[in-house]
Amino acid sequence: MNCTWLKSAVFYEIYPNSFMDSNGDGYGDFKGITGKLDYIKSLGCNAIWLNPHYDSPFMDGGYDVRDYFKVSERFGTEEDFDEFIKTAHAKGMKVILDLVPGHTSEQNADFLKSAEPTENELSDRFIWTRGEWDFPQGFKAISGRHNRKGNYIVNFYSTQPSLNYGFNRVDDPSWQMSYKSDAAKKTREWLKGVMRFWLDRGCDGFRVDMADSLVKNDGEQGEKPATSEVWKDIRAMLDKEYPDTVLVSEWSNAQSIRAGFHADFMLDHHGNPYNLLVRGEEEPDVYSYFDINGRGDAGKFAQGFCEWYDKIKDDGYFALISCNHDTPRLAPNYTHEQLKLIYSTLFTLPGVPFIYYGDEIGMKYIKDLPSVECGFARTGSRTPMQWDMTKNAGFSNAERTFLPTEIDKAVNVVAQLKDKKSLLNFIKELLAFRKSRAEFTSRDFEVAHAKGGEPLVYRRGGLICVVNPLKVKQSVPVVVNPKAPVLFNIGKAAKPKKTGLDVAPLSFTVFESK
Ligand code: NOJ
């Protein structure tokens, strides 16, 4: 596999609107990010995932791209963008951009051309039904917005028309084209052009939005053969022309690695191992393993995780997130002490860590914020970064910011840098420890004990990791040499006994077993 850098990458996800405003207009920008690269690096992160930075009307937080070859003026100039990439590289950091391949903004020039009533070279770049009264089942079709005959299919919101990568199963040839048609292939070539443009500008790869959404009527959930064929073709282009760049998919299925992605997000989907590990509580009557009352089940998590891991481990990685711009932050549902256990577990499991900005200080999900730019419930995870106790928490000196800022004397960077026991300083220790042991970036992984709310025990090569998410002491029948050195711990280190381990409440321990 190319891209050996991915193996030891630790990503920091930046939602550009909310990270750092350098010019006082209330929105974060490239210059603001560039100025904070040393901070990001000091955490132990060596890569960045930047959410959409393109010219956009922001009807979906920038996932509605108006111009794929231009940065949003909101974030600065083209030169500011180039400077950001250049500076990150000079500091030894990689940058991946968000790629939105499945849909554009309704204001995209190619879409407007496609929507013209007379046939032209872009008529088939998007998916249109035959007549203006056609509302095919299983698709979202928008009518009455353009003079072209027919309705356009959208991928997400009504403002995001689907690009035409064709159909695998063609049910109605009067408007559906095969994914092998010339029109579909032209869309694919256009996408390669977009990728080349940003790779030539220096980015190191892409996080691919809704990667599984390209070809329509494409097989069962997850298993998408034609979409996979498209990505394999794109991966072949990358391997040939840009061999050191990575593709990380938003797909959340083992299929994505077979389709050519280097890594895939294990997302917060119902029943996903990630959901069972830390996010069950977001649904009624579902509990995660880290539920403080022990109602979760390590066994269920481990079974799903191992099955999935076995399918991908030889060819790719899990991308494991602290949170992202679509997901409620873990705080305040968990205390900082619990977050330390959660981050330790997440980032010692096999996978590439992704830390969402602000999670290193335990920024809270803000409930009931009025939706901005169609964030809806996601808005509460997108509030500005909390740097210090000054105006707008040091994010901006504007009178009004993109979203309201939380001023919190404990949850800000300056306060936590001063506090030895803070979450921020802990993240630094954890990432430094992770970096110091090759076992964590190896493929070696084996579960030694996983049952209900009992401590979860797993091996990474010669290392044994033990976590107890509960407030009570527990024992597990995993025998560890009493002389095995403790390399890392939170709370009291677990104690090897003849018949197993005594595991202290709310603790995490890593032993080295010879
Ligand atoms: C997934 C992105 O993460 C989300 O923010 C966006 O709204 C949809 N895809 C549509 O692009």
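For the structure itself, consult the block above.
A short tour of the structure in this document, coming up. This one's a predicted model, so the numbers in the text were calculated from it and none came from an experiment.

## Digging into the overall build of the protein
- In terms of helices and strands, the protein carries 12 helices and 20 strands.
- Taken over C-alpha atoms, the radius of gyration comes to 24 Å for the protein, in line with the 24 Å a tight globule of 514 residues would show.
- Here the protein holds 514 residues, and the buried ones make up 60% of them.
- Counted over contacts in the protein with a minimum sequence separation of 6, partners at least 24 positions apart contribute 65%.
- Accessible surface, the protein: about 20,400 Å² in total, of which carbon and sulfur atoms supply 50%.
- Looking at charge distribution, the protein has the averaged site of its 65 positive side-chain charges lying 7 Å from that of its 71 negative ones.

## Some words on the pairing of strand β2 (residues 47-50)
- Every second residue of β2 is oriented toward a common face, with Ala47 and Trp49 on one face and Ile48 and Leu50 on the other, all of them buried.
- Both strand β1 (residues 11-14) and β2 contribute to a ladder of 4 bridges, which runs parallel. Each residue of the ladder has a partner; that of Ile14, found in β2, is Leu50.
- Relative to strand β5 (residues 94-99), β2 runs parallel, the two sharing 4 bridges. Each bridged residue has a counterpart across the sheet, and for Ala47 the counterpart in β5 is Lys94.

## Side note on the packing of aromatic side chains
- For the coordinates displayed, the defined rule picks out 47 aromatic pairs.
- On the basis of an interplanar angle of 70° and a centroid distance of 4.8 Å, the ring pair of Phe111 and Tyr152 is categorised as edge-to-face. Of this pair, Phe111 sits in helix α4 (residues 109-114) while Tyr152 sits in strand β7 (residues 152-154), placing them 41 residues apart in sequence.
- Classification of Phe111 by relative accessible area gives buried; the value is 0%.
- On the accessibility criterion, Tyr152 (1% relative accessible area) is buried.
- Measuring from centroid to centroid gives 6.0 Å for Tyr309 and Phe318, while their planes differ by 40°, and the two rings are tilted.

Conventions and cut-offs
Residues numbered from 1 in each chain as written. Predicted model: local features only at pLDDT ≥ 70, side-chain atom pairs only at ≥ 80, totals over all residues. Heavy atoms only, no water. Helix = DSSP H or I, 4+ residues; strand = E, 2+ residues; numbered from the N terminus. Rg over C-alpha atoms; globule rule 2.2 N^0.38 Å. Buried < 20%, exposed > 50% of the residue type's maximum accessible area, 1.4 Å probe, protein only. Contact = heavy atoms within 4.5 Å. Areas by Shrake-Rupley, 256 points an atom, 1.4 Å probe, with all protein chains shown as cover. Lys, Arg positive; Asp, Glu negative; His and termini not counted. Charge placed at Lys NZ, Arg CZ, Asp CG, Glu CD. Pairing = 2+ DSSP bridges. Phe/Tyr/Trp six-rings, centres within 6.5 Å; stacked < 30°, edge-to-face > 60°.

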